[in-house]
Amino acid sequence: MSQHPAVTFRSAWVGAAAVLALAPGTLSPAAADVAPRNRPGDAVQTALNELVGGGEFPGALAAVRERDGRGRNYTAGAGDLATRAKVPVNGQVRIASTTKTFTAAVVLQLAGEGKVELDVPVEKYLPRLVRGNGNDGRLITVRQLLHHTSGLPEHGKAIAGTFFENQHRYFEPRDLVDLALTQKPLFAPGKGWSYSNTGYVLLGLLVQKVTGRPIGAEITDRIITPLGLGDTYWPGAGEQRIRGPHPRAYKSKTGRPGGEPVDVSEMDPSRGWAAGQLVSTPRDVNRFLSALLGGKLLKPAMLEQMKRAVSVPGTPRGWGYGLGLTKIPLSCGGLAWGHSGDVGGYSTRNGITEGGRSATVTATAESLTAEGDKQLNSALDTALCAGK
């Protein structure tokens, strides 16, 4: 965050775009939006202005929620480069790998219900599915999938073509697994750490096998509906448009910094599936984190296991990855728990402190540089530490 190198756990299709002018910040209570107004002395607004002023991100939006539910919303930059419209307050975005925390929560709910065992091979639930090129589901546990210690290769690396060539392509979850298994494992299960979207696709398939229901329906019935996350949804098969008000998403045409920004708001999110398909808003993500870490979704023993983090190579001291949850040291002291997400022109950083303050920041392009990642992490750190 502000005092740490950039740390992010990425979804598929990471990229970025360029620039433009600042728009006024906007604030609102958590319960309802109010007319936008500037708050030049607000540290969070300043951080968002600096984020879009750095050149990589056309727009940004954020929400901060206190433990008692009070909150503020923020925006900066352009929500649409073609019309110069402002970023909509609490607009919907693709939250990408933040989806993993929802998927992990469902798996842990099933574990708490005695329907899933974390330390048995995934073979028990998905017999003969994980086979090929040295990959073997008889040797990989459910916990290792959750922790990213399975050694499974990344399916995204086996998909031919560029983002733009695959932008509107639909992928079946089983096809994603099969693509991954064309590659050799990165290491023996439990003998290393490597971020694996494929592992979370397998967890989605596991949920479906155990419950007899689609993973999107289980996330909806177990989390979205009970928590009243009215702006969060699982896109249907083939659904490419975002349903509600949203800032446009941009990606560099060349795939390099400074390339012409291309609007990629419409895309097929199936490549992410249980690892990255959800659409949500900053405010809903904060509410979800508050409920999750507040013990409203998981039994105490399961929440404790979720927070048992393993070290992540290449990250600063204190960082770690639990079961679908990232441990984030803060510049103001203490820790936050959250999960970043980057896909299709949106970059999201979020977290909740041990004191119950939650924040979510989204930029409307994916960072292509370490400096862009650092700016995103710094904005989140500021949002979580402001006022301390």
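Keep in mind that what you see is a predicted model, and the values were worked out from it rather than measured.

Caption draft 1: Focus on the overall build of the chain. Counting its regular elements, the chain contains 10 helices and 15 strands. When burial is assessed residue by residue, the chain has 60% of its 388 residues classed as buried. Contacts in the chain between residues far apart in sequence, at least 24 positions, make up 72% of those at least 6 positions apart. In the form shown here, the chain has an accessible surface area of approximately 14,400 Å², with 50% of it arising from carbon and sulfur atoms.

Caption draft 2: Broad picture of helix 5 (residues 173-180). Taken residue by residue, helix 5 has Pro 173, Leu 176, Val 177 and Ala 180 as its buried positions. Viewed end-on, helix 5 has its buried residues packed into an arc of 100 degrees, placing them on one side of the element. Those residues of helix 5 that are buried are in contact with helix 6 (197-211).

Caption draft 3: Main features of the pairing of strand 2 (residues 71-80). Most of strand 2 sits inside the fold, with 9 of its 10 residues counted as buried. Between strand 1 (residues 59-65) and strand 2, which pair antiparallel one after the other, the connecting turn spans 5 residues, and Gly 69 there sits at a positive phi close to 95 degrees. Pairing of strand 2 with strand 3 (residues 85-86), which is carried by 2 bridges, proceeds in the antiparallel orientation. Note on strand 3: the bridge partner recorded for Ala 78 is Lys 86. Counted along the chain from strand 2 to the antiparallel partner strand 3, the turn is 4 residues long, and its residue Arg 84 has a positive phi close to 65 degrees.

Caption draft 4: Up close: the nonpolar core. In terms of nonpolar packing, the biggest core is built from 77 residues, with Val 142, Leu 146, Leu 202, Ile 223, Phe 288 and Leu 292 touching the most fellow members. Breaking this core down by element, the ones donating at least two residues are helix 2 (99-112), helix 3 (142-147), helix 5, helix 6, helix 7 (215-227), helix 8 (282-293), helix 9 (300-306) and strand 14 (346-353). Broken down by element, this core gets its largest block of residues, 8 residues, from helix 2.

Caption draft 5: Seen up close, the packing of helix 1 (residues 43-53) against helix 10 (residues 370-385). Two numbers describe how helix 1 lies on helix 10: the axes approach to 9 Å, and their chain directions differ by 170 degrees. Considered as vectors, helix 1 and helix 10 are oriented roughly antiparallel to each other. In this structure, helix 1 contributes Ala 43, Val 44, Ala 47, Glu 50 and Leu 51 to the contact, and helix 10 contributes Gln 375, Leu 376, Ala 379, Thr 382 and Ala 383. A class-by-class count of the residues in the contact of helix 1 with helix 10 yields 7 nonpolar, 2 polar and 1 charged.

Caption draft 6: Region of interest: the packing of helix 2 against helix 6. Between helix 2 and helix 6, the least distance of the axes is 10 Å, while the angle of their chain directions is 40 degrees. The pairing of helix 2 with helix 6 is recorded here as oblique in orientation. As helix 2 runs across helix 6, the sense of the crossing is left-handed. Residue-level contacts link Lys 100, Thr 103, Ala 104, Val 106, Val 107 and Leu 110 of helix 2 to Asn 197, Tyr 200, Leu 203, Gly 204, Val 207, Val 210 and Thr 211 of helix 6.

Caption draft 7: Highlighting helix 7. Taking 1.5 Å as the rise per residue, helix 7 with 13 residues should run 18 Å; its terminal C-alpha atoms sit 17 Å apart, in good agreement. Within helix 7, the axis deviates most sharply at Asp 221, by approximately 40 degrees. Restricting attention to buried positions, one finds in helix 7 the residues Ile 215, Gly 216, Ala 217, Glu 218, Ile 219, Arg 222, Ile 223, Ile 224 and Leu 227. Elements in contact with the buried residues of helix 7: helix 2, helix 6 and helix 8. Just past helix 7, the residue Gly 228 takes up positive phi, approximately 70 degrees.

Basis of the calculations
- Residues numbered from 1 in each chain as written.
- Predicted model: local features only at pLDDT ≥ 70, side-chain atom pairs only at ≥ 80, totals over all residues.
- Heavy atoms only, no water.
- Helix = DSSP H or I, 4+ residues; strand = E, 2+ residues; numbered from the N terminus.
- Buried < 20%, exposed > 50% of the residue type's maximum accessible area, 1.4 Å probe, protein only.
- Contact = heavy atoms within 4.5 Å.
- Areas by Shrake-Rupley, 256 points an atom, 1.4 Å probe, with all protein chains shown as cover.
- Arc of directions from axis to C-beta.
- Pairing = 2+ DSSP bridges.
- Core = buried A, V, L, I, M, F, W, Y, C linked by side-chain atoms within 4.5 Å.
- Axes fitted to C-alpha atoms, helices over the stretch in contact; angles between N-to-C directions.
- Parallel < 35°, antiparallel > 145°, perpendicular 65-115°, else oblique.
- Nonpolar A, V, L, I, M, F, W, Y, C, P; charged D, E, K, R; others polar.
- Left-handed = near helix turned anticlockwise from the far one by under 90°.
- Expected span 1.5 Å × (residues − 1).
- Bend = angle between axes of the 7 residues up to and from the residue.

The values reported here are purely geometric and, on their own, carry no functional implication.
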